[in-house]
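One letter stands for each residue in the lines below.
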Amino acid sequence: MKQTQNSAGPRAIASLVGKSSRAALVRRGFAQADILTHWPTIVGPNLANCSSPEKLNYSRQKNSEATLRIRVAPGWAPEFQHFEPLIIERINSFFGYRAIAKLQLIQAPIKRPEAKRERRTVPLSDVQKEWVKETIKNVSDTALKNRLEAVATSMLGARNRETKSKDHT
């Protein structure tokens, strides 16, 4: 009996995310998201901390030798100008073909995602602790039992945190 693709079971989330975000990336000129996700690997951590790739501009005739627009923190443009040939070479060797012909530098503050606030854990009530123990008592695999306990504790703690925050509003 031949299985269809839909009944093959669980699929990696990355395969779904890639399809859903592809249109947004193509609009910004990034047909491949690799340059965004591997930027620190391509240019090194020092240059990556003060820059971010913005957009790939291809000429109308070619799908290669593009101009890469890079947002550079104020004061770092001379460094990028100095290393431009090396940066282009590293990007092209990363892709395996002459993807980039030149860089266009935009001096502006770098947009960095905000650091996630560490969530305070809310302890479980005695009733919740007992429920978790009762629920997993018949699981014989120790590793699985510990993982199930951790997941249940985390989920109940999150529920407690939400309930506690609603009570204070």
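Here is a short report on the structure shown in this document.

### What to know about the overall build of the chain
Consideration 1: Each helix and strand in the chain was counted, giving seven helices and three strands.
Consideration 2: A separation threshold of at least 6 residues defines the contact pool for the chain, and within that pool the share at least 24 residues apart is 64%.

### Remarks on the packing of aromatic side chains
Any two aromatic rings considered together are summarised by their centre-to-centre distance and by the angle between their planes.
Consideration 1: Scanning the entire structure with this criterion turns up two aromatic pairs.
Consideration 2: Pairwise contacts between aromatic rings join Phe94, Phe95 and Tyr97 into one cluster.

### Details of the pattern of salt bridges
Consideration 1: A full pass over the atoms with the stated rule returns two salt bridges.
Consideration 2: With a closest N to O distance of 3.2 Å, Arg71 and Glu54 form a salt bridge. Of this pair, Arg71 sits in strand S2 (residues 66-72) while Glu54 sits in strand S1 (residues 51-57), placing them 17 residues apart in sequence. Per residue, the accessibility class of Arg71 equals that of Glu54, and both read buried.
Consideration 3: Between Glu134 and Lys137 there is a salt bridge whose closest N-O contact spans 2.7 Å.
Consideration 4: Residue Glu134 is classed as partly exposed on the basis of its relative accessible area, which comes to 43%.
Consideration 5: Overall, Lys137 belongs to the partly exposed group, its relative accessible area being 45%.

### Here's the deal with the sheet that holds strand S3 (residues 100-107)
Hydrogen bonds between backbone groups are what pair the strands of a sheet, and the pairing can be parallel or antiparallel.
Consideration 1: Overall, mixed pairing links the three strands, which are arranged S1-S2-S3 in an open sheet. Unpaired on one side and paired on the other, S1 and S3 mark the two borders of the sheet. Ignoring which end each strand starts from, the neighbouring axes of this sheet average 25° apart.
Consideration 2: As defined by bridge partners, S2 adjoins S3 across seven bridges and the pair is classed as parallel. By the bridge assignment for S3, Ala66 is matched with Ile100.

### Quick notes on the side chain of Arg71
Consideration 1: On the basis of relative accessibility, which here comes to 15%, the residue Arg71 falls in the buried class.
Consideration 2: Polar side-chain contacts of Arg71 include one of 3.2 Å to the side chain of Glu54.

Definitions and limits used
- Residues numbered from 1 in each chain as written.
- Predicted model: local features only at pLDDT ≥ 70, side-chain atom pairs only at ≥ 80, totals over all residues.
- Heavy atoms only, no water.
- Helix = DSSP H or I, 4+ residues; strand = E, 2+ residues; numbered from the N terminus.
- Contact = heavy atoms within 4.5 Å.
- Phe/Tyr/Trp six-rings, centres within 6.5 Å; stacked < 30°, edge-to-face > 60°.
- Salt bridge = Lys/Arg side-chain N within 4 Å of Asp/Glu carboxyl O.
- Buried < 20%, exposed > 50% of the residue type's maximum accessible area, 1.4 Å probe, protein only.
- Pairing = 2+ DSSP bridges.
- Axes fitted to C-alpha atoms, helices over the stretch in contact; angles between N-to-C directions.
- Polar contact = N/O pair within 3.5 Å; in protein donor to acceptor, adjacent residues only side chain to side chain.

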